[in-house]
Amino acid sequence: NLMDNLNQKTLFKPVSFKGVGLHTGLFSKVNLIPAKENTGIIFKRIDLDDNNEIEANFKNVSSAKLCTTLKNDYGAIVSTVEHLMAAFYITGIDNVIVEIDNSEIPIMDGSSKDFVELINEAGTKELYAKRKFLKITKNISFNEEEKKISIEPNSENLEVNFQLSYNNQIIGNQKNSISFNGDLKEVYSSRTFCLYEDVEKIKQFGLAKGGSLDNAVVVKGEKVLNDGGLRNEKEFVNHKILDCMGDL
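Residues numbered from 1 in each chain as written. Predicted model: local features only at pLDDT ≥ 70, side-chain atom pairs only at ≥ 80, totals over all residues. Heavy atoms only, no water.

(A) The sheet that holds strand 17 (residues 223–224), seen in detail. Overall, mixed pairing links the 3 strands, which are arranged 15-16-17 in an open sheet. On the outer flanks of this sheet lie strand 15 (193–195) and strand 17, each paired with one strand and no other. Those strands touched by helix 4 (residues 196–204) are strand 15 and strand 16 (217–220), and its axis lies near 100° from that of strand 15. (Pairing = 2+ DSSP bridges. Helix = DSSP H or I, 4+ residues; strand = E, 2+ residues; numbered from the N terminus. Contact = heavy atoms within 4.5 Å. Axes fitted to C-alpha atoms, helices over the stretch in contact; angles between N-to-C directions.)

(B) Region of interest: the side chain of Ser 28. Relative to the assigned elements, Ser 28 resides in strand 3 (residues 27–34). Residue classification places Ser 28 among the buried residues on the basis of a relative accessible area of 0%. Discounting residues that sit within four places of it in the chain, Ser 28 has contacts with Phe 17, Lys 18, Gly 19, Ile 100, Asp 101, Asn 102, Glu 104 and Pro 106. (Buried < 20%, exposed > 50% of the residue type's maximum accessible area, 1.4 Å probe, protein only.)

(C) Here's a closer look at the side chain of Asn 157. Take Asn 157: it is sitting in the loop between strand 12 (147–151) and strand 13 (159–163). Residue Asn 157 is classed as buried on the basis of its relative accessible area, which comes to 13%. Side-chain polar atoms of Asn 157 contact the side chain of Ser 179, separated by 2.9 Å. (Polar contact = N/O pair within 3.5 Å; in protein donor to acceptor, adjacent residues only side chain to side chain.)

Any functional reading would require information beyond the geometric quantities listed.
In structure tokens, the structure reads:
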């Protein structure tokens, strides 16, 4: 349970990975560098000469269209941060510098699996400062057309209940409830997904340039087009819980 672990943490040693961005199709290399207490999570665009640090803070969210994009006051951006952010949460990393030489975090296999495994392999280091927590003291809810989200106090831990609503037979109204002090493997290994008929629309927005069956689950009618099918029976909703985690 994260609550048992009251001290801030960082990586024990640096970690690197590389790959293509889901939406931009751009190739990038990323180094995760241990950071001192109270640094937080900072994205650093090392391909830019100056004003290249972007703090992972809700105030810096510039877009949430199909992925989460962060932008600093000087216009430097980094996009599709949510799967890496979720991995930091799951592994308990509070402080890290994310060096990246392009504008989008690599999609890897479409889940957070590679990130979680790399961080676990490198190990974590406890720092002296205590963690800061947001305490939810009252119910908050927000509706937009068919979509609804609510946040309620919970003294135990973080629990996410998520329900999808798709016309597609396979995805349908899948729902799941995940407590974040349990085993999260099914959550962090669940991949991003889309409907086959939406691929063209997404591409017309200039997005999903790097998308393929290697990094996204594609559903066509009643069939999953990926070899090997789904990784777990609730992979669709579990991936949305992962996204939600990363964004929170």
